[in-house]
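These are the residues of each chain, in order.
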Amino acid sequence: MGRLIRIVPRWSILVFMVLALASAGVALAAPAQQSGMPGAADGLDALSPEETAAAVDAASALRSVDAASVRAAPAAPGAVAVSAPAEELVLVERHEEPKEVMAAGVWPRRADLYLYRYADDTLVHGLYDYATGQMQVAESVQGVQLPLNDSERATAIAIAYADSAVRAQLADEYRLITGGALTSAGQLDIRVFNYHAGSNPEIETPAVQACNINRCAQLLILTDQNVTLRALPIVNLSMMQVASVVPLDVGLSADAQAAHTHTGGGN
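Residues numbered from 1 in each chain as written. Predicted model: local features only at pLDDT ≥ 70, side-chain atom pairs only at ≥ 80, totals over all residues. Heavy atoms only, no water.

Buried within helix H3 (residues 49-58) we find Glu51, Ala55 and Ala58. Angular distribution of buried residues about the axis of H3 spans 60°; they occupy a single face of the element. More than 90 degrees from the buried face of H3, the exposed residues found are Pro49 and Asp57. In the core, the buried residues of H3 are packed alongside strand E3 (87-94), strand E4 (110-117), strand E5 (122-129) and strand E6 (134-141). (Buried < 20%, exposed > 50% of the residue type's maximum accessible area, 1.4 Å probe, protein only. Helix = DSSP H or I, 4+ residues; strand = E, 2+ residues; numbered from the N terminus. Arc of directions from axis to C-beta. Contact = heavy atoms within 4.5 Å.)

Further remarks concern the packing of aromatic side chains. Aromatic ring pairs are defined here through the distance separating the ring centres and the angle between the ring planes. Following the criterion strictly, the structure yields two aromatic pairs and no others. Taking 4.8 Å as the distance between ring centres and 65° as the angle between the ring planes, the aromatic pair formed by Tyr116 and Tyr118 counts as edge-to-face. Look at Tyr118 and you get buried, because its relative accessible area is 5%. Relative to Tyr130, the ring of Tyr128 lies with its centre 5.0 Å away and its plane at 85°, an arrangement referred to as edge-to-face. Taking NZ or CZ as reference, Arg167 lies 5.8 Å from the ring centre of Tyr161, over its face. The lysine or arginine in question, Arg215, covers the ring of Tyr116, its NZ or CZ lying 5.1 Å from the ring centre. (Phe/Tyr/Trp six-rings, centres within 6.5 Å; stacked < 30°, edge-to-face > 60°. Lys NZ or Arg CZ within 6 Å of the ring centre and 35° of its normal.)

By volume, the largest pocket amounts to about 180 Å³. Looking at the largest pocket, it is lined by 14 residues, and the ones nearest its centre are Pro74, Ala75, Ile159, Ala162 and Asp163. Those elements that place two or more of their residues in the lining of the largest pocket are helix H5 (150-162) and strand E10 (241-247). Residue composition of the lining of the largest pocket, grouped by class: 11 nonpolar, two polar and one charged. (1 Å grid on protein atoms, 1.4 Å probe; cavity = no way out; pocket = protein on both sides within 12 Å on 5 of 7 lines; lining within 4 Å. Points joined across faces, edges and corners; volume = space filled by probe spheres on them. Nonpolar A, V, L, I, M, F, W, Y, C, P; charged D, E, K, R; others polar.)

Next up on the list: the side chain of Arg71. Secondary-structure assignment places Arg71 in strand E1 (residues 70-72). Buried and without a salt bridge, Arg71 has Glu88 as its closest oppositely charged side chain, separated by 4.8 Å. Beyond its immediate stretch of four places on either side in the chain, Arg71 contacts Val82, Ser83, Ala84, Pro85, Ala86, Tyr118, Leu237 and Met240. (Lys, Arg positive; Asp, Glu negative; His and termini not counted. Salt bridge = Lys/Arg side-chain N within 4 Å of Asp/Glu carboxyl O.)

In this structure the tally under the stated criterion is one disulfide. Each sulfur in the disulfide pair Cys211 and Cys216 lies 2.1 Å from the other. Torsion about the S-S bond of the Cys211 and Cys216 cystine: about -90°, corresponding to left-handed handedness. (Disulfide = S-S within 2.5 Å.)

Before going further, it helps to examine the pairing of E6. Where E5 meets E6, seven bridges bridge the pair, whose relative direction is antiparallel. Considered in E6, the bridge of Tyr128 is made with Met135. Hairpin connection between E5 and E6: a loop of four residues separates the two successive antiparallel strands, and Gly133 in this loop has a positive phi of roughly 75°. (Pairing = 2+ DSSP bridges.)

In structure tokens:
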């Protein structure tokens, strides 16, 4: 055996080792049980578009109301009414199985779904099994806020801009900075972040403190010249109204500070 190793070129041994390790990795990453649906991914891969669509369809099992049900913002006479879904699907992702299950090399392909129920400010976590097509509720919690989805961010902007006092303040600042008139929210670069009560306790009113349970958003608003406005509206999405408008120098939440400083984007 020792003689054989001396005869075999070193590069051959290295190739053999690489192939052996690669084969072992594939064996560990591939679960024996697949979903059987077209377009299904494998093992540790993210959900495929087909799998995501199937999980979203199954989310009806988590809902307490019809998917078309809405909640509406209180509107002053003549003001634009704002409405939004009563429940929002905020996240769908591949379920990560416990390490001991993955170590066995066999696990079901599953998805985690998180539905926010605005009626009682509850985050519902569902677990969908592709092999069985069954959805089960893993847990329901209050006070846990996942990042806002695109629909919620759009709703926060609409509520803030529909508020006459907020709109007047933004228009004044916009005029001072640009010299022009603000006629639509489309003239602004608006970035929307989660707001958690306690971010700025020294300035939080009772309406803002409600954000410890209610789902809230904070708006960071810039002109098209990339100048930040001082007004920072905090929108209570559960109540569908502006909770407060705080100044930039004291009112930027940690989430907004990090994104404004490092990435310049919303969540």
